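# A look at the structure
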Amino acid sequence: MNPQDATGLGEFLRLCRARVKPQDCMPLTGGGFAERRRVRGLRRAELARLAGVSVDYYKRLEQGRNKSASLEVLDSLAAALNLDDAEREHLFELAGRWPKRQARASRPHRVGAATMQLLHTLDEGGSPAFVVGPGLDVLAHNRLAGALITDFQAAPAEDRNLARFVFLDPRARGLYPDWEAVATDTVAILRFDAGRHSDDQKLTQLIDELSNNTDEFRNRWSSHQVHRRTTGAKRYRQPLVGELTVNFQALTPSGEPDQTIFIYSTQPGSPSETSLRLLQSWLADPDRAIDL
């Protein structure tokens, strides 16, 4: 573990400890957690006791002075802090204990022929779909996704990135009615990728760029939120067809663990389905006026 990872581990532990509600934990002393508290969340001694480690050991771990946390200790801390799967994986990554994947970020990511065919098939079926790599680089998308979000393939290679689009492209705030929530999710996903690819120079440069150029990103990054989104819903305000809501599902192509395919769909019979079909018809005939 390098010093930067140790510092990140300590910061992550502090933030997770601060969000735990003492009343949700079993009392650790005769007085329980009912007494007046001067700190948010659990005290170091309380978390150490829940995790079954000494206070001094935990203190050194949180301060970045202990670089050899065992798998058992990390498991205990994750359980005591009530971490979800993504947060737990991030904790292990920061501690240098998660099995590292082969470095793929050093080479260009190629989208396989089968995945490209899937994007085309989904396009014909009226489903926007796109592929992202580490750091939310947009590797490919079908025509409908390009019309709904933006045509990343027409942009310079360095601008084909969802995080850069959300925070640096002025069109994003108009496209996402829930921009604040989208921005928070984007940073949490980026934080997750950064834990998995801590030696990825391109990803590090992206984080530095966004931190230096926008307070919105920098403030969210400091919160250390981390997660993966595999299903959910998202709202768009598309200039041609208006507002619509899509459901999304995230899939991993076989043989490409660092790539994710996002597939969008709409509720059958909903106004959003009608809007998406109008957008699809416009792609087939761009000169045709859309009757909303």
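Shown above is the structure to which this text applies.
In this report, we go over the structure that sits alongside the text. (Residues numbered from 1 in each chain as written. Predicted model: local features only at pLDDT ≥ 70, side-chain atom pairs only at ≥ 80, totals over all residues. Heavy atoms only, no water.)

### As for the overall build of the protein chain
- In terms of helices and strands, the protein chain carries 13 helices and 5 strands.
- Within the protein chain, the fraction of its 292 residues that count as buried is 48%. (Helix = DSSP H or I, 4+ residues; strand = E, 2+ residues; numbered from the N terminus. Buried < 20%, exposed > 50% of the residue type's maximum accessible area, 1.4 Å probe, protein only.)

### What about the side chain of asparagine 142?
- By secondary structure assignment, the location of asparagine 142 is in the loop between strand E2 (138-141) and helix H7 (143-148).
- Of the polar contacts made by the side chain of asparagine 142, one reaches the backbone nitrogen of alanine 145; its length is 2.9 Å.
- The residues touching asparagine 142, leaving out its near neighbours within four places in the chain, are Leu119, Leu122, Asp123, Ser127, Pro128 and Ala129. (Polar contact = N/O pair within 3.5 Å; in protein donor to acceptor, adjacent residues only side chain to side chain. Contact = heavy atoms within 4.5 Å.)

### A closer look at unusual backbone geometry
- For asparagine 82, which is not glycine, the phi dihedral falls at a positive 60 degrees.
- Relative to the assigned elements, asparagine 82 resides in the loop between helix H4 (71-80) and helix H5 (85-94).
- For asparagine 82, a relative accessible area of 65% gives the class exposed.
- With phi around 65 degrees, histidine 224 is a residue other than glycine that occupies positive phi space.
- Along the chain, the position of histidine 224 falls in the loop between helix H12 (215-221) and strand E3 (231-238).

### Some points on the packing of aromatic side chains
- Counted according to the given criterion, the structure contains 10 aromatic pairs.
- Taking the centre distance of 5.4 Å and the plane angle of 20 degrees together, the rings of phenylalanine 130 and phenylalanine 262 count as stacked. Taken together, the positions of phenylalanine 130 in strand E1 (residues 129-132) and phenylalanine 262 in strand E5 (residues 260-265) put the pair 132 residues apart, joining distant regions of the chain.
- Note on tyrosine 176 and tyrosine 236: the rings are 5.2 Å apart at their centroids and 45 degrees apart in plane angle, and the pair reads as tilted. Residue tyrosine 176 is located in the loop between helix H9 (171-175) and helix H10 (179-196), and its partner tyrosine 236 is located in strand E3; the two are separated by 60 residues in the primary sequence. Tyrosine 236 matches tyrosine 176 in its accessibility class, with the two residues each being buried.
- Among the aromatic residues, those joined into a ring-pair cluster are Phe130, Phe152, Phe165, Tyr176, Tyr236, Phe248, Phe262 and Tyr264. (Phe/Tyr/Trp six-rings, centres within 6.5 Å; stacked < 30°, edge-to-face > 60°.)

### Quick notes on the environment of leucine 61
- Within the secondary structure, leucine 61 is located in helix H3 (residues 55-62).
- Residues leucine 61 and alanine 95, 34 residues apart in the sequence, show an inter-C-alpha distance of 9.6 Å.

### Considerations on the pairing of E2
- In the sheet, E1 pairs with E2 via 3 bridges, with the strands oriented antiparallel. Bridge pairing in E2 links valine 132 to valine 138.
- Hairpin connection, E1 to E2: the antiparallel pair is bridged by 5 residues, and glycine 135 has positive phi, about 75 degrees. (Pairing = 2+ DSSP bridges.)

### Quick look at the nonpolar core
- In this structure, Ile149, Tyr176, Leu190 and Tyr236 are the most contacted members of the largest nonpolar core, which totals 43 residues.
- When residues in this core are grouped by element, the largest group, 7 residues, is from H10.
- The contacts of tyrosine 176, once residues within four sequence positions are left out, are Ile149, Phe165, Val166, Val182, Lys234, Arg235 and Tyr236.
- In terms of nonpolar packing, the next biggest core, distinct from the first, is built from 28 residues, Tyr58, Ala69, Ala80 and Ala86 among them. (Core = buried A, V, L, I, M, F, W, Y, C linked by side-chain atoms within 4.5 Å.)

### Some words on helix H2 (residues 44-51)
- Taken together, the buried positions of H2 are Glu46, Leu47, Ala48 and Ala51.
- Glycine 52, located one to two residues past H2, shows a positive phi value of around 75 degrees.

### Structural notes on the side chain of threonine 150
- Residue position: threonine 150 is located in the loop between H7 and helix H8 (162-168).
- At 3.3 Å, the side chain of threonine 150 and the side chain of arginine 171 are in polar contact.
- Ignoring any residue separated from it by four or fewer positions in sequence, one finds threonine 150 in contact with His141, Ala145, Phe165 and Arg171.

### Digging into the sheet that holds E1
- Pairing in this open sheet of 5 strands is antiparallel, and the strands run E2-E1-E5-E4-E3 from one edge to the other. Strands at the two margins of the open sheet, each flanked by one partner only, are E2 and E3. Pairs of neighbouring strands in the sheet enclose a mean axial angle of 30 degrees, with direction left out of account. (Axes fitted to C-alpha atoms, helices over the stretch in contact; angles between N-to-C directions.)

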